[in-house]
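So the chains spell out like this:
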Amino acid sequence: MRAITGLWRWRHNPLRRGTDLAEAWVALVALFLVVVAGPVVGVVAGSLSRDALYRSVQEQNDRRHEITATVVKKVAQPPLDPDPETSTARDAHSRVLATWAAPDGSVHRDRVVAALTSPHAGDTFPLWTDDRGHVVGRPLDRATATTHAALAGFGAAVAVTGLVEGTRRLVVWRMVRRRYARLDRAWDIAGPDWGRTGTGS
């Protein structure tokens, strides 16, 4: 919003300095970049991120498979975690010894985390594996990918806006410093004679 306040410096005024007009141009350029370049960069970044994430979604769906595992027995839980978020997520899952058949036909037996609150031998639960039966995470879905892409685009737009505003402030700060330096030099010349008779004061 401060970029808009600089536009008043275009008013015709006999006291207007060259730096006032320069500040007005800086404000106009900054406003243009915030209004036009920011959204464009956001859209481009979001689009590129979405395409990359969609490719990742497709690759993960091609390489990861949801199979059914069978509980052999429940195993001891790890020590209590003081983090409430971690402990809450852990309460809804159990560590079990399970067996499953991989997509390539091999049979596996290992300790895994099951989405079961009180597992018993013979219970089944879904498990994601790769082609060879190694446990992997659930593949990314398109809705989550779209959300991440939108956040990336928004973040890029905000970053551009911040960069533009920061640059504008730096340029204006340097202009003000130079203006004060010129005033100091002018005062050094006129100051000693200020108020003396015959100096035109």
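Here is a short report on the structure shown in this document. (Residues numbered from 1 in each chain as written. Predicted model: local features only at pLDDT ≥ 70, side-chain atom pairs only at ≥ 80, totals over all residues. Heavy atoms only, no water.)

Taken as a whole, this structure holds 0 aromatic pairs when the rule is applied. Residue placement shows R142 over the ring face of Y54; its charged tip is 3.9 Å from the ring centre. (Phe/Tyr/Trp six-rings, centres within 6.5 Å; stacked < 30°, edge-to-face > 60°. Lys NZ or Arg CZ within 6 Å of the ring centre and 35° of its normal.)

Let's shift gears to the nonpolar core. Counting 11 residues, the largest nonpolar core is built from I67, A69, V71, V96, A98, W100, V112, A114, L116, F125 and L127. At the level of secondary structure, the elements contributing two or more residues to this core comprise strand 1 (65-74), strand 2 (94-101), strand 3 (107-114) and strand 4 (124-129). (Core = buried A, V, L, I, M, F, W, Y, C linked by side-chain atoms within 4.5 Å. Buried < 20%, exposed > 50% of the residue type's maximum accessible area, 1.4 Å probe, protein only. Helix = DSSP H or I, 4+ residues; strand = E, 2+ residues; numbered from the N terminus.)

Here we take up the pattern of salt bridges. Applying the stated criterion across every chain yields a total of 3 salt bridges. The salt bridge partner of E165 is R168, with a shortest N-O separation of 3.0 Å. One end of the pair is E165 and the other is R168, both in helix 4 (residues 142-190) and 3 residues apart, which spans about a single turn. For R168, a relative accessible area of 11% translates into the label buried. The partner of R169 in a salt bridge is E165, and the shortest N-O contact between them spans 2.9 Å. Placement of both R169 and E165 in helix 4 is noted, with a separation of 4 residues, approximately one turn of the helix. We classify R169 as partly exposed; its relative accessible area is 43%. When salt bridges with common partners are traced through the structure, they connect E165, R168 and R169 into a single cluster. (Salt bridge = Lys/Arg side-chain N within 4 Å of Asp/Glu carboxyl O.)

So, on to the pairing of strand 3. Two strands pair when backbone bridges link them, and strand 2 and strand 3 are joined in this way by 8 bridges, in the antiparallel orientation. Within strand 3, the residue paired with R95 across the bridge is V113. (Pairing = 2+ DSSP bridges.)

Turning our eyes to something else, we now look at the environment of V158. Mapped onto the elements, V158 comes out in helix 4. Its relative accessible area of 45% is what places V158 among the partly exposed residues. Remark: the alpha-carbon pair of V158 and G42, spanning 116 residues in sequence, is separated by 8.1 Å.

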